[in-house]
Each structure stands twice: as C-alpha cells, then as structure tokens.
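# Coordinate inspection notes
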Amino acid sequence: VRQAKTLEELKSRVAGVSVNSDVTLDQLYVEWYDANKHTWQAGASRNRPWSFYQHHIQQHLGHKPIRDITQQQLFEVLNPLHIEYVELGTKITAYLSNVFGRAANKGLIAYNPVPDARSFDKTKKIRHSYGERAVKPDALPDFCKAIMEQDNNLSLKLAALTMILTAHRSSAVRFARW
C-alpha cells in the first residue's frame, strides 16, 4: 500500500468507508485530526499532528486495522523517537493515545494499547553543540566589547546585547517598557 502524501489524499482514500472492526489507523487518525484541528492555532501547530504522523507512523502502522495493532508494535515504532527526538516522541505518543482512546470509546478495541510514557527507554543526554557560527562562551566578553566599539547608536548596541545575553526576540526588546 502506497503511503498518502497529503491529508487530502488520505481522506479521499478512506471516504465512504463504514465504521467496522477493520478500521485502519489511517482512517481513525484522519477522523481524530478532523475532529480536533479547530483546537490548534492555524499554521505549524495545526499541521504538526498530521506531519508527525505522516513522517513517523503512517508508513509503519497506517495501513493496519486498528484492532491488530499491538502495544509491542507501537513501542517498536515510538521508542526510537523517544530516544532521538524527545519532544517529537512525547507529542506523537500523546496524539496516538488520543486516537486509540477514541477507538476504545467507539468499541473498536478493548483497551488503549499506547505505551505509558515512562515505559520508553531513557533519552540520550543532551550535548550542547555550539556549531561553527555560534559565539563560544569564552569568546562572549570580546564579542560584547566588539559590539560596543561599533560606530552605531548606543540604543542599538544595548538592544543587540540585550537580545544576545537574554535570548529575547527583537520584538520583545523593541517593545519592552523600560
């Protein structure tokens, strides 16, 4: 079964399919997404549940009947996400828990098989990588001094330092009440 590329393509595939014991994860995920998308802010927040599903879950489990998906299968797909991408793993697990909870409420399955968040392997320790373009912590004093020595307006220099040192967005600094 070829993976659907867009939500619309998946909807067209599952349109008109009656609710029965052969409901696939794709079908139920679309139903859940449509019922809840109005609760998410338009843009990235609204697209995230679908994008996460499409890129990380659909190819593994989307075509399977919801009643045939086991806790072990879910764990095998979700555990690597929890190890490598903590936030993504946590969010997609919550989305799937809602979808499978919906299936249980409809009587399609006896219980929600999504593993508890505590059952996943511990994540890798976060290593801070400063990259090539970032200012190294030990170079920060010289960097700040170089900004202050520039031939610019004092307010501009202070705003730049405030953004750098506090990690505030430019709009937060610009509209701050001093």
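Structure: see above.
An ideal rise of 1.5 Å per residue puts 18 Å on 13 residues; helix H3 (residues 44-56) measures up with 17 Å between its terminal C-alpha atoms. At Trp50, H3 shows its largest kink, close to 30 degrees. The set of residues buried in H3 consists of Pro49, Trp50, Phe52, Tyr53 and Gln54.

Turning our eyes to something else, we now look at the packing of aromatic side chains. All chains considered together, the criterion is met by nine aromatic pairs. Both rings, one in Trp32 and one in Trp40, keep their centres 5.6 Å apart while their planes meet at 65 degrees; by these two values the pair is edge-to-face. Here Trp32 matches Trp40 in class, with each residue buried. Relative to Tyr95, the ring of Trp32 lies with its centre 5.7 Å away and its plane at 45 degrees, an arrangement referred to as tilted.

Applying the stated criterion to the full structure yields seven salt bridges. Measuring nitrogen to oxygen at the nearest pair gives 3.2 Å for the salt bridge that ties Glu87 to Lys91. Of this pair, Glu87 and Lys91 both sit in helix H6 (residues 86-105), four residues apart, which is roughly one turn of that helix. Notably, a salt bridge pairs Asp116 with Arg118, separated by 2.8 Å at the nearest N-O pair. Through salt bridges that share partners, Asp22, Arg67 and Asp68 make up one connected network.

What counts and what doesn't
Residues numbered from 1 in each chain as written. Predicted model: local features only at pLDDT ≥ 70, side-chain atom pairs only at ≥ 80, totals over all residues. Heavy atoms only, no water. Helix = DSSP H or I, 4+ residues; strand = E, 2+ residues; numbered from the N terminus. Expected span 1.5 Å × (residues − 1). Bend = angle between axes of the 7 residues up to and from the residue. Buried < 20%, exposed > 50% of the residue type's maximum accessible area, 1.4 Å probe, protein only. Phe/Tyr/Trp six-rings, centres within 6.5 Å; stacked < 30°, edge-to-face > 60°. Salt bridge = Lys/Arg side-chain N within 4 Å of Asp/Glu carboxyl O.

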